Amino acid sequence: MLTEARPLIGDWNQLEQTTATTLRKVFHRSVYVRHIDVGSCNACESEILSLSNPYYNFHRLGVFFTSSPRHADLLLVSGVVTRPLKEVLLATYEAMPKPRLVVAIGVCALHGGVFHSSPWVVGTVDSVIPVDAWVPGCPPTPFAILQGILSAVQHRQGVCLDE
Amino acid sequence: MANVQIHCSRNEKSERVPVEQASSSADLVTWVAQHCLPAQENQLAPSQLLYYGWVPIPPHPHLVAVLKDLTTGRVEWQFAQPTRADKVPSLAALWPAASWTEREMWQSTGIEPIGHPDLRPILNPGEYLPEGMATGSGVFRFPLGPVRADVSESGFFLFETIGEQIMHLQPQLFYKHRGIEALGVGKSPADALLLAERISGTATVAHATAFCQAAEQAMQHTVAPQVIWERALWLEMERLYNHAHDLAQLASAAGMSVAQAQLARVKEELLRINGDLTGSRYLRGAVKLGADRPLDWRPLRDPLMGVLERVDRRFTHFTDLLRHTPTFVDRLVGTGRIRKNWVSAYGLVGPVARACGLAVDSRAEPGCWQPDGYHICLSTRGEGDALDRFEVRVLEWQVSVGVVRKLLARLGHDTPETKETGTEKQGTYPPPNARHNNATPPSGWGIGVVEGPRGRVCHVLQMTDLRLNDWHIKGASSWIWPVFGLAVANGNIQTDFPVIDASFGLSYAGTDR
Ligand code: SF4
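These numbers come from a predicted model, not from an experiment. (Residues numbered from 1 in each chain as written. Chains lettered and ligands numbered in written order. Predicted model: local features only at pLDDT ≥ 70, side-chain atom pairs only at ≥ 80, totals over all residues. Heavy atoms only, no water.)

A. Quick peek at the overall build of chain A. Counting secondary structure elements, chain A contains five helices and seven strands. Going from N to C terminus, chain A has its helices and strands arranged as α-β-α-β-β-β-α-β-α-β-β-α. When the 163 residues of chain A are sorted by exposure, 60% land in the buried category. Within chain A, contacts between residues separated by at least 24 positions form 82% of all contacts whose residues are at least 6 apart in sequence. (Helix = DSSP H or I, 4+ residues; strand = E, 2+ residues; numbered from the N terminus. Buried < 20%, exposed > 50% of the residue type's maximum accessible area, 1.4 Å probe, protein only. Contact = heavy atoms within 4.5 Å.)

B. Broad picture of the pattern of salt bridges. Overall, the coordinates contain 22 salt bridges over all chains when judged by the stated rule. With its nearest N and O atoms 3.0 Å apart, the salt bridge here joins Glu-268 of chain B to Arg-272 of chain B. Separated by four residues within a single helix, Glu-268 of chain B and Arg-272 of chain B lie in helix H7 (residues 257–278), roughly one turn from each other. For Arg-272 of chain B, a relative accessible area of 21% corresponds to the partly exposed category. In this structure, the salt-bridge partner of Arg-405 of chain B is Asp-312 of chain B, at a minimum N-O distance of 3.8 Å. With Arg-405 of chain B in helix H12 (residues 386–413) and Asp-312 of chain B in helix H8 (residues 298–323), this residue pair connects regions lying 93 residues apart in the sequence. Each of Glu-47 of chain A together with Glu-268, Arg-272 and Arg-281 of chain B takes part in one network of salt bridges that share partners. (Salt bridge = Lys/Arg side-chain N within 4 Å of Asp/Glu carboxyl O.)

C. Main features of the sheet that holds strand S2 (residues 63–65) of chain A. Residues and elements named next belong to chain A. As summarised here, the arrangement of the five strands in space is S2-S1-S3-S5-S7, forming an open sheet in which the pairing is parallel. Unpaired on one side and paired on the other, S2 and strand S7 (133–135) mark the two borders of the sheet. On average, adjacent strands in this sheet sit at an angle of 25° to one another, irrespective of strand direction. Here strand S3 (residues 74–78) pairs with strand S5 (residues 101–105) via five bridges, running parallel. Its bridge partner being in S5, Leu-76 is matched across the sheet by Val-103. Helix H2 (residues 43–50) rests against strand S1 (31–37), S2, S3 and S5 of the sheet, and its axis sits at about 145° to S3. Its contacts with the sheet place helix H3 (residues 83–95) against S1, S3 and S5, and it is angled at close to 170° to S1. (Pairing = 2+ DSSP bridges. Axes fitted to C-alpha atoms, helices over the stretch in contact; angles between N-to-C directions.)

D. Spotlight on the layout of surface pockets. Its boundaries defined by the atoms lining it, the largest pocket holds a volume of some 1,200 Å³. Every residue lining the largest pocket is counted, 43 residues in all, and those nearest its centre are Leu-49 of chain A together with Asp-150, Val-151, Ser-152 and Gln-249 of chain B. Secondary structure elements with two or more residues in the lining of the largest pocket: H2 of chain A together with strand S7 (139–144), helix H6 (225–253), H7 and helix H14 (497–504) of chain B. Of all the elements, H6 of chain B adds the most residues to the lining of the largest pocket, at seven residues. (1 Å grid on protein atoms, 1.4 Å probe; cavity = no way out; pocket = protein on both sides within 12 Å on 5 of 7 lines; lining within 4 Å. Points joined across faces, edges and corners; volume = space filled by probe spheres on them.)

E. Here's a closer look at the interface of chain A and chain B. With 39 residues of chain A at the contact, the number on the chain B side is 42 residues. Of the roughly 3,400 Å² buried between chain A and chain B on both sides combined, carbon and sulfur atoms contribute 60%. Its largest share of buried area at the contact with chain B, chain A owes to Tyr-55, Phe-115 and Trp-120 of chain A, together 17% of the area lost on that side. The tally of links from chain A across to chain B stands at two salt bridges. With its nearest N and O atoms 2.7 Å apart, the salt bridge here joins Lys-176 of chain B to Asp-37 of chain A. Counting the contacts that link chain A with chain B gives 18 residue pairs in polar contact (both at pLDDT 80 or more). Listing elements by their share of the side of chain A that touches chain B, those giving two or more residues are S1, H2 and H3 of chain A. Top element by residues in the side of chain A that touches chain B is H2 of chain A. It accounts for seven residues. (Buried area = accessible area lost by both parts, 1.4 Å probe. Polar contact = N/O pair within 3.5 Å; in protein donor to acceptor, adjacent residues only side chain to side chain.)

F. The arrangement of the sheet that holds strand S11 (residues 455–464) of chain B in detail. All names here are of chain B. Across the sheet, three strands lie side by side as S10-S11-S12; this open sheet has antiparallel pairing. Because the sheet does not close on itself, it has two edges, and the strands there are strand S10 (445–452) and strand S12 (467–474). Adjacent strand axes in the sheet meet at a mean angle of 15° when their direction is disregarded. Bridge count for S10 against S11 is eight bridges, and the pairing is antiparallel. Residue pairing for S11: Val-450 is matched across the bridge by Val-457. The strands touched by helix H4 (residues 189–197) within the sheet are S11 and S12, with S12 carrying the most contacts at an inclination of about 20°.

Take a look at the structure:
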């Protein structure tokens, strides 16, 4: 499938296997991901988009992008939450069917990064909606984002078993 | 990254004088309009507007316009104090390109441009949804955004259609306005550089370089020529991955998934080599404020050359295939055409302007900050449709690859002269052949102009005691957005929108700031 050597970051093979097994268990190999930008600089989007390039190709793990939040299992949020996008973020989250997962991408989404003191910024992502996993980095690499998706799924799996 | 050493050689005795003082704000506005509108359509205007706006610095808040004369490269500043402190005559009434700038100025500072054709709030888009323009039977309003298909930035579009035909399109941006300019005020230039790098992530180097040029000029600090070459190299590396990305998106919009995947590979490989060289895939931290020496390029040269050869082969092969694919070309030809008279009326920049046949490129202009012997051949086409924007990007890719090779050859051979002397030796400034922006701005002001992947990026700032007093950012896309709406409504149907969107490849973050 891949014509080039895999990236030498972390243990890719193991991550791939764990992801595939976990996703099969929890979502039967079809996780639909919606992305929302709430005030990012576009580098985070660029990295999220890289997940679908032939090097990372997250489709083969059963993860897909979807255009509608109504079809989404997981929401990737990037950027600081700006004033006009707060309502939009809430509306998108509300439109998702339960159970729903949220992964915050980048330091902007984590704690506001360099923009945290701006009067145009209302706060971090978890001040608006509950977050299942955080992926630090500015921007985080696609590999880290994939790991974030996996953590969120594993976390939720734990919750499911407890219930 | 944060502990940048700055050697500021401020010369207290030679206090610089403000350039020309326009007598009134009406004169200032007329002066700008006269210089920025060409005598004939589709010609280059005599001057470029680098910045126009309100400067709130006490005790004398004023209106400022910065123009660059394209034949001599001279940068001219004009200041004016309006007779009535809250009202100035509208520049947009004479020159539509200033429309968004004036709307923003009006909303953020309360200065009202009298006679503005379309004065509406712009900074809080959630509260003011645009009203429709078209009326009549069969007109359908179709809102799109701010959350749109796939992975994209947040922005809103109001389509007005009759059947499939798009009659009118209003883009509404500033959802992501983070107030970066205001955040930077009061910060040290080293801290503000971190903000500058995060204005638009895919134009990190362009904004960082423009900011550093402006800050260094304000501090009267000259950097070594090798550093200028190195910045030029990073700029080209950024252009390369952006063009690969834009063309991949265009291929995907036209349903060419193989080309899309292959061009996405090109982008990924470029990002990886960037990451290997600088520690950041988006070249964050690569441009350093007041840097006095570049990296030691001798061991880095060959790995970069190797990657460049490989991606260049793949890029050329697949863009060639695309060019010979009738379904792809059919989809692009005549789509999203820009009319000739919009080019100067909106002061277009970057690959979009070059696709309309306008030879505008900051890298090739006199007085621009560029290394000696670094020639850019302008790549222009003439139709202004999506196909020409595709072709221009392919041509620019080739130019950029050539420039990177040339710069690498120089950087890889030259031992950085300042290497042994260390950072303490300030006596080596200014280096003999560093070329600088040749106009002297007023005291404490600095201006940086850079050709980013989407066009001219300009930073204007004012500093006292190594703190920013005032900072203005003009990204390339902010010139192009108003024309985007017009081009989409220029005889296209709804399904053309993704193709036009991808062919413009505009940045939301860089416009919203
Ligand atoms: S985390 Fe960094 S890369 Fe991501 S949006 Fe924020 S500034 Fe941009």
